[in-house]
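Each chain, written out:
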Amino acid sequence: MCSWKGKNISIIWSLEGLKTFSYLEELILDNNLLGNDLLLPRLPHLHTLTLNKNQITELESLLDHLAEVVPSLQYLSLLGNVACPNELVCKEKDEDDYQRYRYFVLHKLKNLKFLDTRQVTRKEREEALVRGAFMKVVKPKDAKASSDAASISPEMSYTPLPSGSRDLTNHRGILGKCRYIYYGKHSEGNRFIRDDQL
């Protein structure tokens, strides 16, 4: 238990003692430190689960686990987690990202009636059946490998110059003149201007 501004706040890291409540129907676990290691016991009667504002980043493993242990789940909310691409939480995400997320969740959890703040529509359910499996967000498996590729030494970095001109101590400059006249006949901007407007 933590104290914040004189108030006692419970923060949950583990759900170990939950297995004794097998007839649980609603479970609200908002604003905790639950992450990708979240393991719920089998709760066959659970129909409402909210995991808003936790530390969940891996969506597919969570959905596979939920499909296995909470078969009666009808309402799920994951807002405020990295796994839920909500444009209110992350500026890089937009409504299309969120809709793809919904299709993927509905593909995995076919009994849902509500996801986050919206009711599941018939059209969404049909789209999830057809394309939901392809809406999975794929992340690079090894972030270290991609950062290693970005930190290549300056000697090995790409340059458009010929190999003979890469030596900084043996530089030869070239001076030349070029005559180029722009007529503008291939310009996209000129196609909207009529002769009487010039």
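Here, every reference points to the structure presented above.
Please read all numbers here as calculations on a predicted model, not as lab measurements. (Residues numbered from 1 in each chain as written. Predicted model: local features only at pLDDT ≥ 70, side-chain atom pairs only at ≥ 80, totals over all residues. Heavy atoms only, no water.)

Novice: Mind showing me how you'd approach the overall build of the protein here?
Specialist: A count of helices and strands for the protein gives 4 helices and 7 strands. The N-to-C order of helical and strand elements in the protein reads β-β-β-β-α-β-α-β-β-α-α. Within the structure as shown, the protein displays about 15,300 Å² of accessible surface, and the carbon and sulfur contribution to it stands at 55%. (Helix = DSSP H or I, 4+ residues; strand = E, 2+ residues; numbered from the N terminus. Areas by Shrake-Rupley, 256 points an atom, 1.4 Å probe, with all protein chains shown as cover.)

Novice: Just to check I follow, could you spell out the sheet that holds strand β7 (residues 118-119) for this structure?
Specialist: Backbone-to-backbone hydrogen bonds join strands into a sheet, with any given pair of strands oriented parallel or antiparallel. Ordered in space as β3-β4-β5-β6-β7, the 5 strands form an open sheet in which the pairing is mixed. One side of each edge strand has no neighbouring strand; the edge strands of this open sheet are β3 (26-28) and β7. As paired elements, strand β5 (residues 75-77) and strand β6 (residues 114-115) share 2 bridges and run parallel to each other. Along β6, the bridge assignment pairs Tyr75 with Phe114. (Pairing = 2+ DSSP bridges.)

Novice: I'm lost on the packing of helix α1 (residues 59-69) against helix α2 (residues 95-108) in this one. Help?
Specialist: Axis separation between α1 and α2 bottoms out at 9 Å; the angle between their running directions is 30°. The pairing of α1 with α2 is recorded here as roughly parallel in orientation. Crossing of α1 against α2: the hand is right-handed. Residues Leu59, Glu60, Leu63, Asp64 and Ala67 of α1 form the contact with α2, whose participating residues are Tyr101, Phe104, Val105 and Lys108. Per-class residue counts for the contact of α1 with α2 are 6 nonpolar, no polar and 3 charged. (Axes fitted to C-alpha atoms, helices over the stretch in contact; angles between N-to-C directions. Parallel < 35°, antiparallel > 145°, perpendicular 65-115°, else oblique. Left-handed = near helix turned anticlockwise from the far one by under 90°. Contact = heavy atoms within 4.5 Å. Nonpolar A, V, L, I, M, F, W, Y, C, P; charged D, E, K, R; others polar.)

Novice: Would you take a moment to explain the environment of Glu95 for this structure?
Specialist: In this structure, Glu95 sits in helix α2. Distance from Glu95 to Pro85, taken between C-alpha atoms, is 8.6 Å for residues 10 residues apart in sequence. Those residues in contact with Glu95 that sit more than four places away from it in its chain are Glu87 and Arg118. Side-chain polar atoms of Glu95 contact the side chain of Arg118, separated by 3.3 Å. (Polar contact = N/O pair within 3.5 Å; in protein donor to acceptor, adjacent residues only side chain to side chain.)

Novice: How should the pattern of salt bridges be read in this particular structure?
Specialist: Two side chains that carry opposite charge are able to pair once their charged atoms sit near each other. Applying the stated rule across the entire model yields 8 salt bridges. A salt bridge links Lys108 to Glu60; its shortest N-O distance comes to 3.4 Å. One end of the pair, Lys108, is in helix α2; the other, Glu60, is in helix α1, with 48 residues separating them in the sequence. Using a relative accessible area of 26% as the deciding quantity, one classes Glu60 as partly exposed. Measuring nitrogen to oxygen at the nearest pair gives 2.7 Å for the salt bridge that ties Glu124 to Arg102. Taken together, the residues Glu124 in helix α3 (residues 122-131) and Arg102 in helix α2 connect sequence positions 22 residues apart. Of the two residues, Glu124 and Arg102, neither departs from the other in class, the shared state being buried. Residues joined in a network through salt bridges with shared partners are Glu95, Arg102, Arg118 and Glu124. (Salt bridge = Lys/Arg side-chain N within 4 Å of Asp/Glu carboxyl O. Buried < 20%, exposed > 50% of the residue type's maximum accessible area, 1.4 Å probe, protein only.)

Novice: When you look at α2 in this model, what are you seeing that I'm missing?
Specialist: Residues lying three or four places apart along an α-helix face the same way, a consequence of the helix completing one turn every 3.6 residues. Relative to the 20 Å expected for 14 residues at 1.5 Å per residue, α2 spans 20 Å between its end C-alpha atoms, a close match to the ideal helical length. All of the buried residues along α2 are Tyr98, Gln99, Tyr101, Arg102, Tyr103, Phe104, Val105 and Leu106. Contacts from the buried residues of α2 go to α1, β5, β6, β7 and α3. (Expected span 1.5 Å × (residues − 1).)

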